[in-house]
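What follows is the residue order along each chain.
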Amino acid sequence: EARLGHVEVGLDRRQRDVDDRRVEHDHELGQADEDQDQPGIDAVVARVKERIKYSNPGIPTDPATTMGAIVSKQQFDRVMSYIDSAKSEGAQLITGGGPPADPALKGGFYIEPTVFAVTDKNRIAREEIFGPVLGVFKWSDESKMLATVTAVEYGLTASIWANGLCTAHRAAVA
């Protein structure tokens, strides 16, 4: 299973062949298959997108709420600026990307859980957001991926999803 904040994603047996896979809340690295179809990571992203539908930003006293508001207007504006930046820089929006449509939340500091496919050129791939935003890197060249993630100025939260246990172990000690 993978986790995105409060969202749990059940993975099929083929996808669970690599140890315990965790999507930490801000940044995710996913190994793409060598061919262009990239079914491994695309399947994981599709599952994350599907399960995010069950993440419900809302009023804290509502039992259906699984995610509360952003802490302040300043932080809300900061998170939204990262989302706007990702969109303008060409990151692929997978889901979310703004305040929820629920009229009861209008005027509050709520943001839908948001997922982007990113490259190292995207600001959200290089800076900590402190909001419900996930950037997914697709990779097939292990050395390039490791060079990319170690070049980030900050110690961002990350996980590496790989198609093989040996690859995962090499990345863990790199």
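No experiment lies behind these values; they were computed from the predicted model shown.

The rules we used
- Residues numbered from 1 in each chain as written.
- Predicted model: local features only at pLDDT ≥ 70, side-chain atom pairs only at ≥ 80, totals over all residues.
- Heavy atoms only, no water.
- pLDDT = per-residue confidence, 0-100.
- Helix = DSSP H or I, 4+ residues; strand = E, 2+ residues; numbered from the N terminus.
- Contact = heavy atoms within 4.5 Å.
- Salt bridge = Lys/Arg side-chain N within 4 Å of Asp/Glu carboxyl O.
- Buried < 20%, exposed > 50% of the residue type's maximum accessible area, 1.4 Å probe, protein only.
- Core = buried A, V, L, I, M, F, W, Y, C linked by side-chain atoms within 4.5 Å.
- Phe/Tyr/Trp six-rings, centres within 6.5 Å; stacked < 30°, edge-to-face > 60°.
- Polar contact = N/O pair within 3.5 Å; in protein donor to acceptor, adjacent residues only side chain to side chain.
- Expected span 1.5 Å × (residues − 1).

This brings us to the confidence of the model for the protein. On average, residues of the protein score 76 in pLDDT, and 73% of them reach the 70 mark or higher. Highest mean pLDDT in the protein belongs to helix H2 (residues 73-88) (97); lowest belongs to strand S2 (residues 7-9) (34). Scored below 50 in pLDDT, residues 1-29 shows 98 contacts in the model against residues more than four places distant or in partner chains. Counted against residues more than four places away or in other chains, residues 31-37, with its pLDDT under 50, gives 20 contacts.

Before going further, it helps to examine the pattern of salt bridges. Considering all chains together, one arrives at 4 salt bridges under this definition. For the salt bridge of Lys73 with Asp77, the shortest nitrogen-to-oxygen distance reads 2.9 Å. One end of the pair is Lys73 and the other is Asp77, both in helix H2 and 4 residues apart, which spans about a single turn. What makes Lys73 partly exposed here is its relative accessible area of 45%. Given the relative accessible area of 35%, Asp77 is considered partly exposed. Close ionic contact of Glu142 with Arg170 constitutes a salt bridge, the shortest N to O distance being 2.7 Å. Of the two residues, Glu142 is situated in helix H3 (residues 142-150) and Arg170 in helix H4 (residues 165-173); the sequence distance between them amounts to 28 residues.

Residues Ile83, Ile111, Phe116, Val118, Ile124 and Val133 are the most contacted members of the largest nonpolar core, which totals 16 residues. At 6 residues, the largest contribution of residues to this core is made by H2. Core analysis: the next-biggest nonpolar cluster, separate from the first, contains 9 residues, Val44, Ile52, Val115 and Leu134 among them.

Taken as a whole, this structure holds 1 aromatic pair when the rule is applied. Relative to Phe109, the ring of Phe76 has its centre 6.0 Å away and its plane inclined at 40°; by these criteria the two rings are tilted. Of this pair, Phe76 sits in helix H2 while Phe109 sits in the loop between strand S4 (92-95) and strand S5 (114-118), placing them 33 residues apart in sequence. Note on Phe76: relative accessible area 13%, which makes it buried.

The next point concerns the environment of Ser72. Position of Ser72 among the secondary structure elements: in the loop between helix H1 (39-52) and H2. Each C-alpha atom, one on Ser72 and one on Gly108, is 9.4 Å from the other, the two residues being 36 residues apart in sequence. A polar atom in the side chain of Ser72 sits 3.1 Å from the backbone nitrogen of Gln75.

This part covers H2. In a regular helix each residue adds 1.5 Å, so 16 residues correspond to 22 Å; H2 covers 22 Å between its end C-alpha atoms and thus fits that length. Turning to H2, its buried residues number three or more, namely Gln75, Phe76, Val79, Met80, Tyr82, Ile83, Ser85 and Ala86. Each element contacted by the buried residues of H2 is listed here: S5 and strand S6 (133-139).

With that settled, consider unusual backbone geometry. Of note in the backbone geometry, Phe130 takes a positive phi value of approximately 60° without being a glycine. With respect to the helices and strands, Phe130 occurs in the loop between S5 and S6.

With respect to the helices and strands, Thr148 occurs in helix H3. There is a polar contact of 2.8 Å between the side chain of Thr148 and the backbone oxygen of Lys144. When residues no more than four places from it in sequence are discounted, the contact partners of Thr148 are Asp120 and Phe137.

Mapped onto the elements of the fold, Gln92 is located in strand S4. The spacing of Gln92 and Val118 is 26 residues in sequence and 6.7 Å in space, taken between C-alpha atoms. Every residue in contact with Gln92, bar those within four places of it in the chain, is listed here: Val115, Phe116 and Ala117.

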